[in-house]
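# Observations on the model geometry
Given next are the chains, with one letter for each unit.
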Amino acid sequence: MSRRLRAADPEQDPLEAPELVPLVRLLTRVEGFAIAFLECNVPVSAERIASELIRGLEARGRRGRLVRLEEAEENLLGHLRGLTPPAPPGEALFVLGFERAIPSQVAFPPALTRLNRAREQFRELALPLILVLPRYALDQLSREAPDFWAWRSGVFEVREEEEHLERMVHDVTRPGPGDYGNLSAVRKREHLEVLRGLLAELEARGDGERARGELHYRIARLLRSMGQWPEAEAAAAKALELAREAGDRRAIAAAGHKLAWVTQDRGDLEAAEEGYRKSLEVGEALGDKTCIAASYHQLGMVAQDRGDLAAAEDWYRKALEVFEALGSKTGIASSYHQLGRVAQDRGDLATAEDWYRKALEIDEALGDKTGIAASYHHLGMVAQARGDLEAAEDRYRKSLEIKEALGNRPDKASTYGQLGLLAEARGEPAAALDWTIRCVTLFPEFPHPATGPGPQHLARLTGISGKDALEAGWQRLTGGALPAAVADFVARQLARAEDASEPSPPTARA
Amino acid sequence: MELPATTLKDAFNACDPTQPLPAGDQRYVDLTSGRGDEGGAVGRCHKRISLSAQPLVQLFAGHRGCGKSTELRRLQRKLEDDGYFVVYVEAESDLDLEDTEPPDVLLALVRNVDRALREAGLTVDSKLLDDFLLWFAEVVLETTEHREIEAEVRSEAKVSGGVPLFAQLMARFSGWVRTGTTSKKQVRQKLERQISQLLIRGRLLVEAARLAVRKDGKKDLVLIVDSLDRVALKDLGDGRNSQEVLFVERGELLKGFGCHQVVTVPISLLFSPKVANLAAVFPDRHLLPMVKIAERRTRERWPEGRNLLVELLAQRVDPEVGFEAAAMERLIDASGGHPRHLMTLVRYAFDFVEDLPITGEAAQKAVRRLVNDYGRSIPKDHWALLAAVYERQGVENDADHQLMLFNLSVLEYQNRDRWCDVHPAVCRLPELIEARTALRRSA
């Protein structure tokens, strides 16, 4: 293991803290250019320690500066060259926040390829550069910017004081509203950084199964709400594994439930049902009514996904009964909403609208933005099914306004898709194609399950407007050329439709 | 700074892992005998150039940080001393190595030849340059929306006087290539359609350059292309990768330039399934292996190679003052015979001492840190494969093993026979120890 540094004691000269000595020696001996890495998993500690080091260096006649990257900075060299005032030779630069440009789910992100490519040019800065990064980002950098990494003069680790760490873990995992769906995309990303940092810190210590499980569970919830489903599934599976290791039945139920949820997202209904039933079993054994109601609710969604509307209604009504007994308004609104979807699937638009309006009323009273957006979206679908396209558009736009403010990509995808279908119903194929491109380009993967039938609609609309229109629209809306994978998918779909001698009819999104 | 260093500060700055040694640097130590039969790559490159009646393109490969640039700078000096005109191309400065295609490389070579001739005060037939320029401008500038760029270039030509328009346009192209803008893609597409023309015209220029240098009393022109081995390894999704396309599928383009070249290629390419195809295009290949520090089978210390590394350190830091004996041994053991890793380890060790010498304990801590670094960079699915490499001391010609060579978790040695071994720092990681135990159980 590398040398571990503990968070500095505020009473002590930071440069004399034994754990910091190796880094201090490096910075006071180097002349000109050098690269060092400081692993720190907790952002707030990273900033504090870097600031203390700079103060200490200055007291010893060396200069240092903190460089905070507030946004994902792909061009680190350009950023450093553009510092105001410019960094003089020899000034130690502590760079914080570069991990924002290193998303863990993206291999070889542009920031790392640029870093690797521009290695020689960093030398021109003629100063010591200390990149302060959490473990995951540092590991990724070592693999994906190997030439830059090869020039390192030191790798140092900061470990959080145990007591402080425990308090932080407790703060972020304590039961509370915790409704990640209502956080903006930026807040979600920030919260994810905190959770991952704490997790990495606990993992480095190799203890705290229960806390680690809880953090994985939170990360799974957050990632799911961000549309990063494979990562969410992996995190939920890890949470379940740790809960089992710790023998924590309540955590087993929660993690199992979340894992089932993400398997349902990717369409594995059998695995999802099994997971919910296990979760229900644990909930019943523990007398945990919230867990029971949530399991009923999700089992209803599985039944609905299978097209078994009677079973779905049954499960939703059972869930509603428990939520009412608990006085859980959020739960009640969710049940109303799902009952609305059952009625809508049956073609009973009046009943569906009734349920959605009841859900909306509660959502508005609670200020639950995700719920409000979902209700407007489905009220739009009801209006569209009735042929009232003006009302439908009005409701979709209300829904979209909230979804865009929250930045939740799976939710945005559903409304973009519906606006595409609406434009098509109005006889505006160009606008329909645009909305559909917006839908499918929300995720780097294509096709992404959260975009539902969007990719198929894209192919069908290309059949109507032509490949040139698709290429032009893609270029205009994304700034990039149409990827080969998308072009191939569209060509295959069109060939299939041609073989079947008839274009596939548009289907409404669930 | 006085060398070998006797103070800690001088010692620290003498062991910079980021700096290749310039030719003639007093710190240089000839590691040929420690690298084995293949270690005299510089000598062989030089010999083949001097013997061959036809222009020869030789490939030069070695691990990242094994001393390629230092050796190529030495080759440059040797060739120059022998009367050759050498153009040293730093691909890292001229190209976007994350996204390099054959037209970029050809134009970088043309640009560097032109620049080197001008710097040496040599000239080629101006009509040739004008022809190249007009063709290039027609292909790249006039056919599409780049008229404004042309106007800019031309107006710059009017005001900048001393720098010829050709050089300006080449510099502009180099800028497009390195900045990764939309222009780059468009220009490249246009050039790709005219690649045979580019090659013919480039060849004419190079021929003219060879005449010019001979007229100046030199034996011939030699291009040394360094850092092209750093071109990114990208899976193109159809069973091919970016390096194979550049060096194997399109390798003939490099050969078609009509002058002696020594070109660095990724070492992993020599272990790829396409190695036979590569050999068909480039029969002259040289590999710069690690310095052998241990015997192959027994893994017992091999004094001859180790002494060279002792000398390498002694040229930088006075060994009497700088190291406890055990410290130097530990650092050399953990380096795997990789010169840059040895420098990195020494730098790490400095962090654990107040003053010279580096103690055995500090060396141990430095080694621990390198081991930990490797713990970060090795993918989980490599452990079982690495265990097999450890037992077999060889690698397969597949993508995983190519990646291991690329990431330096496996090193290549040659000394009489040729073999690979897991980096000594990786061998200390518990994951590998577990994987080796599992492998033995399953055997």
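Residues numbered from 1 in each chain as written. Chains lettered and ligands numbered in written order. Predicted model: local features only at pLDDT ≥ 70, side-chain atom pairs only at ≥ 80, totals over all residues. Heavy atoms only, no water.

It is worth spelling out the interface of chain A and chain B at this point. Across the boundary between the two partners, chain A contributes 36 residues, which contact 33 residues of chain B. Of the roughly 3,400 Å² buried at the junction of chain A and chain B (both faces included), carbon and sulfur atoms supply 41%. Of all residues in chain A, Arg29, Arg117 and Arg152 of chain A bury the most surface against chain B, accounting for 22% of the area lost on that side. In this structure, the connection of chain A to chain B is made through eight salt bridges. Among the ionic pairs, arginine 119 of chain A bridges to glutamate 92 of chain B, the shortest N-O distance being 3.5 Å. Taken together, chain A and chain B are joined by 21 residue pairs in polar contact (both at pLDDT 80 or more). The set of elements that each furnish at least two residues to the side of chain A that touches chain B consists of helix H1 (21-29), strand E2 (34-40), helix H4 (110-117), helix H5 (119-122), helix H6 (135-144), helix H7 (146-149) and strand E6 (152-159) of chain A. Looking at the side of chain A that touches chain B, the element that brings in the most residues is E6 of chain A, giving six residues. (Contact = heavy atoms within 4.5 Å. Buried area = accessible area lost by both parts, 1.4 Å probe. Salt bridge = Lys/Arg side-chain N within 4 Å of Asp/Glu carboxyl O. Polar contact = N/O pair within 3.5 Å; in protein donor to acceptor, adjacent residues only side chain to side chain. Helix = DSSP H or I, 4+ residues; strand = E, 2+ residues; numbered from the N terminus.)

Where a strand is regular, its side chains alternate between the two sheet faces. Residues and elements named next belong to chain A. Within strand E3 (residues 64-68), four of the five residues are buried, which leaves the element mostly enclosed by the surrounding structure. Both E3 and strand E4 (residues 92-96) contribute to a ladder of five bridges, which runs parallel. Bridged to glycine 64 within E4 is alanine 92. Following the backbone out of E3, through helix H3 (residues 76-81) and into the adjacent parallel E4, one traces a crossover that is right-handed. (Buried < 20%, exposed > 50% of the residue type's maximum accessible area, 1.4 Å probe, protein only. Pairing = 2+ DSSP bridges. Right-handed = clockwise from strand over helix to strand, strands pointing away.)

A few words now on empty space enclosed by the protein. Inspection of the entire model under this criterion finds six cavities of 30 Å³ or more. Put simply, the parts of the chain that give the lining of the largest cavity at least two residues each are H6 and H7 of chain A together with helix H19 (360-377) of chain B. Grouping the constituent residues of the lining of the largest cavity by class yields six nonpolar, four polar and four charged. (1 Å grid on protein atoms, 1.4 Å probe; cavity = no way out; pocket = protein on both sides within 12 Å on 5 of 7 lines; lining within 4 Å. Points joined across faces, edges and corners; volume = space filled by probe spheres on them. Nonpolar A, V, L, I, M, F, W, Y, C, P; charged D, E, K, R; others polar.)

Attention now moves to the packing of helix H8 (residues 162-173) of chain A against helix H10 (residues 209-225) of chain A. Residues and elements named next belong to chain A. In the contact formed by H8 and H10, the axes pass within 10 Å of each other and the chain directions differ by 40°. As the angle between them shows, H8 and H10 are arranged oblique. Our pair here, H8 against H10, has a crossing hand that is left-handed. Residue-level contacts link Val169, Val172 and Thr173 of H8 to Ala211, Glu214, Leu215 and Arg218 of H10. When its residues are assigned to classes, the contact of H8 with H10 shows four nonpolar, one polar and two charged. (Axes fitted to C-alpha atoms, helices over the stretch in contact; angles between N-to-C directions. Parallel < 35°, antiparallel > 145°, perpendicular 65-115°, else oblique. Left-handed = near helix turned anticlockwise from the far one by under 90°.)

Right, let's talk about the side chain of arginine 340 of chain B for a bit. Turning to its location among the elements, arginine 340 of chain B is positioned in helix H18 (residues 339-350). Despite its burial, arginine 340 of chain B pairs with no opposite charge, the nearest such side chain being aspartate 147 of chain A at 5.9 Å. In terms of polar contacts, arginine 340 of chain B uses its side chain to reach the backbone carbonyl oxygen of proline 17 of chain B, at 3.1 Å. Sequence-distant contacts of arginine 340 of chain B, that is, excluding residues within four places in its chain, are made with Arg119, Ala150 and Trp151 of chain A together with Pro17, Arg64 and Gly65 of chain B. (Lys, Arg positive; Asp, Glu negative; His and termini not counted.)

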